[in-house]
Amino acid sequence: MANRKYIVGNWKMNGLREQLSDIVEIAAIAEQNSQVDVAICPPVTLIAQAAGNVPGFTIGAQDCHFAAKGAHTGCLSAAMIREAGAKMSILGHSERRADQHEVDSEIKAKAEAIHTAGLGAIICVGETEEERDAGKAVDVVCGQLEGSFPDNAAATWLTIAYEPVWAIGTGRVPEASDVEEMHAAIRGKLVELTGEGADAVRILYGGSMNGGNAAELLSVPNVDGGLVGGASLTAEKFGPIIKAAAAI
Ligand code: 13P
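Residues numbered from 1 in each chain as written. Predicted model: local features only at pLDDT ≥ 70, side-chain atom pairs only at ≥ 80, totals over all residues. Heavy atoms only, no water.

**Observations concerning the packing of helix H5 (residues 104-116) against helix H7 (residues 137-148)**
Test applied: For every element, the axis is a line fit to its C-alpha atoms; helices are fit only across the contacting stretch, and the angle between N-to-C directions ranges from 0 to 180 degrees. Helix and strand assignments follow DSSP, with helices taken as H or I runs no shorter than four residues and strands as E runs no shorter than two, numbered in order from the N terminus. Angles below 35 degrees are treated as roughly parallel, those above 145 as roughly antiparallel, those between 65 and 115 as roughly perpendicular, and all remaining angles as oblique. Note on contacts: a residue pair qualifies if any of its non-hydrogen atoms lie within 4.5 Å across the two residues.
With their axes 7 Å apart at the nearest point, H5 and H7 run at an angle of 50 degrees to one another. In terms of orientation, H5 lies oblique with respect to H7. Contacts between H5 and H7 involve Asp104, Ser105, Ile107 and Lys108 from the former and Gly143, Gln144, Gly147 and Ser148 from the latter.

As structure tokens, then:
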């Protein structure tokens, strides 16, 4: 049986209080399309207010620290983001792997911390353009998955997002056949890592998804949803993606 589609908006470093009304509108669209799971991950400054405004809707974070507490200036623990109202967190986004030099073992520890706090996690993997051109994309992505894969992983709390780095924010999208090949490889790796429960772990595609290409991308075998950046910032742009997922 196909997994329920999961459409997640990653607002990255975008959004002030005046954008909270978009989350209210997005939550209303999600409610009208309840066969799809929808979440928004705003900047952490908006989590508490967003969660308060739309209690039945899933608000997530974009990162958390792996430690429960301590001397880590500027960082937030899983319990802190949970207390703010987050139900899940994106982890290991390629922008953090690049800008904050996050490595697989750290992402694995973060996922375990998130699970300990009772939250869900989306672990991101994806190759650079150079790696794809060198024919290494599948090996790189499966290596990231293996290295960042948490102990006690289960579909109830863990989601994987495949985001080719060269497709993020560029308007470039891989061929459907390339997405299919990669998602099949990720599924295969999940079977190796978790055994029988692997089919229920959702694998999202991310990278320049929008209202125009969502239906095609979301119809690719083993694509269980989308992780959306730019096109998640307004209800006007994000709504059509949610509706495309609902129509599949
Ligand atoms: P864009 O949808 O803006 O390409 O961003 C994708 C992404 O990085 C989501 O995490």
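**Brief notes about the site of the ligand**
Quick reminder of the rule: Throughout, the term near means that a residue has one or more heavy atoms lying within 4 Å of the molecule or strand in question. For this analysis, a polar contact is any N or O atom pair within 3.5 Å, provided that within protein one partner can donate a hydrogen and the other can accept it, and provided that sequence-adjacent residues contribute only side-chain to side-chain pairs. Surface accessibility follows the Shrake-Rupley procedure with a 1.4 Å probe radius. Residue values consider only the protein chains on display as shielding. Put simply, Ala, Val, Leu, Ile, Met, Phe, Trp, Tyr, Cys and Pro go in the nonpolar bin, Asp, Glu, Lys and Arg in the charged bin, and everything else, Gly too, in the polar bin.
Near the ligand there are 13 residues, and of these Lys12, His93, Glu163, Gly169 and Ser208 occur at the shortest range. In the environment of the ligand, an oxygen atom lies 2.9 Å from a nitrogen or oxygen atom belonging to the side chain of Glu163. Taking 310 Å² as the accessible area of the ligand by itself, protein coverage stands at 95%. For the shell around the ligand, the residue count by class is four nonpolar, seven polar and two charged.

**Some remarks on the environment of Glu181**
Note the threshold: When accessible area is computed with a 1.4 Å probe and restricted to protein chains, residues below 20% of their type maximum are described as buried, those above 50% as exposed, and intermediate ones as partly exposed.
Topologically, Glu181 is positioned in helix H8 (residues 176-194). We classify Glu181 as partly exposed; its relative accessible area is 44%. Between the C-alpha atoms of Glu181 and Val138, which are 43 residues apart in sequence, the distance is 8.5 Å.

**Observations regarding the nonpolar core**
Generally speaking, a soluble globular protein has its nonpolar side chains buried in company with each other. Which entries qualify depends on this criterion: In this description, a nonpolar core means a group of buried Ala, Val, Leu, Ile, Met, Phe, Trp, Tyr and Cys residues linked to one another through side-chain atoms lying within 4.5 Å.
Grouped together as the largest cluster of nonpolar side chains are 65 residues, with contacts concentrated most on Ile23, Phe57, Ile160, Ile186, Leu190 and Phe238. Of the residues forming this core, the biggest block, seven residues, is contributed by helix H10 (residues 235-246). Excluding anything up to four places from it in sequence, Ile160 contacts Ile122, Ile123, Val125, Leu145, Phe149, Ile186, Leu190, Val201, Arg202, Ile203 and Leu204.

**Some remarks on the environment of Asp22**
With respect to the element layout, Asp22 can be found in helix H1 (residues 20-32). Considered as a pair, Asp22 and Ser208 are 186 residues apart in the sequence and their alpha carbons are 20 Å apart. Leave out the neighbours within four places in its chain, and Asp22 touches Trp11, Leu233, Thr234 and Ala235.

**Focus on the pattern of salt bridges**
Operational definition: A carboxyl oxygen of Asp or Glu within 4 Å of a side-chain nitrogen of Lys or Arg is what we treat as a salt bridge.
One pass over the structure, following the stated rule, counts 15 salt bridges. As a salt-bridge pair, Lys189 and Glu146 come within 2.7 Å of each other at their nearest N and O atoms. Taken together, the residues span a long stretch of sequence, with Lys189 in helix H8 and Glu146 in helix H7 at a distance of 43 residues. For Glu146, a relative accessible area of 41% corresponds to the partly exposed category. One network of salt bridges, in which partners are shared, links Asp63, Arg96, Glu102 and Lys110.

**Examining a nonpolar patch on the surface**
The line we're drawing: Without a salt bridge and with relative accessible area above 30%, a residue can belong to a patch; like charges are then joined within 9 Å and nonpolar side chains (Val, Leu, Ile, Met, Phe, Trp, Tyr) within 5 Å.
On the surface, Val44, Leu76 and Met80 cluster together into a nonpolar patch covering about 230 Å² of accessible area. Among the secondary structure elements, Leu76 is positioned in the loop between strand S3 (58-61) and helix H3 (78-84).

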